[in-house]
Amino acid sequence: MKQMFGSRAERVQQVCNVIRARRVQINTSLFELEKSKVKLTSSKMLAQERENLSKVVADLSVTGEGISHGFPDPGLQESLREAREAIILAEALLEVKGN
């Protein structure tokens, strides 16, 4: 009788070990999935920010060209150049943060 219960206990222990191993695999997969989700969200936000920055650069280019022909203001041209540089630096920072 003792041998019968001992073998049953051993089988139950083996099943428990298999279930624990599966649980570890599932938890690992869930963790990886969550990391991928965060990366995807970050990537989407980065793409949106790049698109917004590109729109701003395009608007500044058009505005700068239009203003330079109508109003000869060298200070404005310098400000636009600095703004473009700031946008390029911001875009680079977003890229570094994204990686």
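Remember, it's a predicted structure, so these values are computed and weren't measured experimentally.

Scanning the protein from N- to C-terminus turns up 2 helices and 0 strands. Burial status across the protein gives 6% buried among its 99 residues. Put simply, the protein shows about 8,400 Å² of open surface, and 62% of that area lies on carbon and sulfur atoms.

Here we take up a nonpolar patch on the surface. A cluster of nonpolar side chains, namely M1, M4 and F5, defines an oily patch on the protein surface of about 360 Å² accessible area. Mapped onto the secondary structure, M4 falls in helix α1 (residues 2-70).

Take the pattern of salt bridges next. In this structure the tally under the stated criterion is 2 salt bridges. Its salt-bridge partner being E32, residue K35 comes within 3.8 Å of it at the nearest N-O pair. Placement of both K35 and E32 in helix α1 is noted, with a separation of 3 residues, approximately one turn of the helix. Taking relative accessible area as the criterion, K35 reaches 37% and is therefore assigned partly exposed. With a relative accessible area of 38%, E32 lands in the partly exposed category. A salt bridge links E51 to K55, with the shortest nitrogen-to-oxygen separation between them at 3.5 Å. Within this pair, E51 and its partner K55 are both found in helix α1, separated by 4 residues, close to a single helical turn. Overall, E51 belongs to the partly exposed group, its relative accessible area being 40%. The class of K55 is partly exposed, set by a relative accessible area of 47%.

Cut-offs and rules
- Residues numbered from 1 in each chain as written.
- Predicted model: local features only at pLDDT ≥ 70, side-chain atom pairs only at ≥ 80, totals over all residues.
- Heavy atoms only, no water.
- Helix = DSSP H or I, 4+ residues; strand = E, 2+ residues; numbered from the N terminus.
- Buried < 20%, exposed > 50% of the residue type's maximum accessible area, 1.4 Å probe, protein only.
- Areas by Shrake-Rupley, 256 points an atom, 1.4 Å probe, with all protein chains shown as cover.
- Patch = residues over 30% accessible without salt bridge, like charges linked within 9 Å, V, L, I, M, F, W, Y side chains within 5 Å.
- Salt bridge = Lys/Arg side-chain N within 4 Å of Asp/Glu carboxyl O.

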